[in-house]
Amino acid sequence: MRSGDVVRDGQGNTYQVGQLLGRGLWGSSFLVRRESSDSLHVLKCPLGPEDFRSEVPGSEGLFAATKEAVLEQARLYEQGNFAFLPRMEARFTLADGQPAYILPRFSDSLERRLAD
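Let me begin by describing the structure that accompanies this report. For clarity, every value in this text was computed on a predicted model and none was experimentally measured.

## A short note on the pattern of salt bridges
When the charged atoms of two side chains lie near each other, side chains of opposite charge can form a pair.
Okay, step 1: Per the stated rule, a full pass over the model turns up 5 salt bridges.
Okay, step 2: A salt bridge links R34 to E89, with the nearest nitrogen and oxygen atoms 3.3 Å apart. Taken together, the positions of R34 in strand β3 (residues 27-34) and E89 in the loop between α1 (59-79) and β5 (90-93) put the pair 55 residues apart, joining distant regions of the chain. In this structure, R34 and E89 share a single accessibility class: buried.
Okay, step 3: Between E68 and R75 there is a salt bridge; the shortest N-O distance is 2.7 Å.
Okay, step 4: By relative accessible area, E68 is classed as partly exposed at 41%.
Okay, step 5: Linked through salt bridges whose partners overlap, the residues forming this network are E68, E72 and R75.

## Examining α1
Okay, step 1: For α1, built from 21 residues, the straight-helix expectation of 30 Å at 1.5 Å per residue is met to within 8% by its first-to-last C-alpha distance of 30 Å.
Okay, step 2: Along α1, the residues that are buried comprise S59, F63, T66, V70, L71, A74 and Y77. Each buried residue of α1 lies within a common arc of 135 degrees when the element is viewed along its axis, so the set occupies one face.
Okay, step 3: Buried-residue contacts for α1 involve β4 (40-46), β5 and β6 (99-104).
Okay, step 4: Trailing α1 by a residue or two, G80 shows a phi angle of about 65 degrees, which is positive.

Conventions adopted
Residues numbered from 1 in each chain as written. Predicted model: local features only at pLDDT ≥ 70, side-chain atom pairs only at ≥ 80, totals over all residues. Heavy atoms only, no water. Salt bridge = Lys/Arg side-chain N within 4 Å of Asp/Glu carboxyl O. Helix = DSSP H or I, 4+ residues; strand = E, 2+ residues; numbered from the N terminus. Buried < 20%, exposed > 50% of the residue type's maximum accessible area, 1.4 Å probe, protein only. Expected span 1.5 Å × (residues − 1). Arc of directions from axis to C-beta. Contact = heavy atoms within 4.5 Å.

Shape descriptors only; they carry no functional weight alone.
Below, the structure is given as structure tokens:
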């Protein structure tokens with residue numbers, strides 16, 4: 001996934017991918033702009049081969065695990081059992097077959113919200 005890419009969710013909304021917000025052990029978060037409303041959101045997707053500088057030994061298992069981590073986190077958001085989690089806006093499959101989901105973008109950082 002790169003800045004400037006366009007992704008479409010299962011409801012027909014299109015999003016233009018912006019800057020990389022962060023990369024963790026299993027996935028990446030990108031700032032995205034919904035084209036119909038110009039609103040900002042966060043796209044989460046699993047890590048892929050393009051996220052590493054060289055070949056990763058056992059990468060097939062690693063990438064399957066990152067995909068499963070994204071799916072599990074999406075299930076937690078969908079269930080809505082935790083009031084502290086943001087509401088998931090969309091869950092879909094990217095053109096390359098990887099799962100992804102969209103969350104609202106908050107103007108304050110998590111660190112600032114926890115400090116308050």
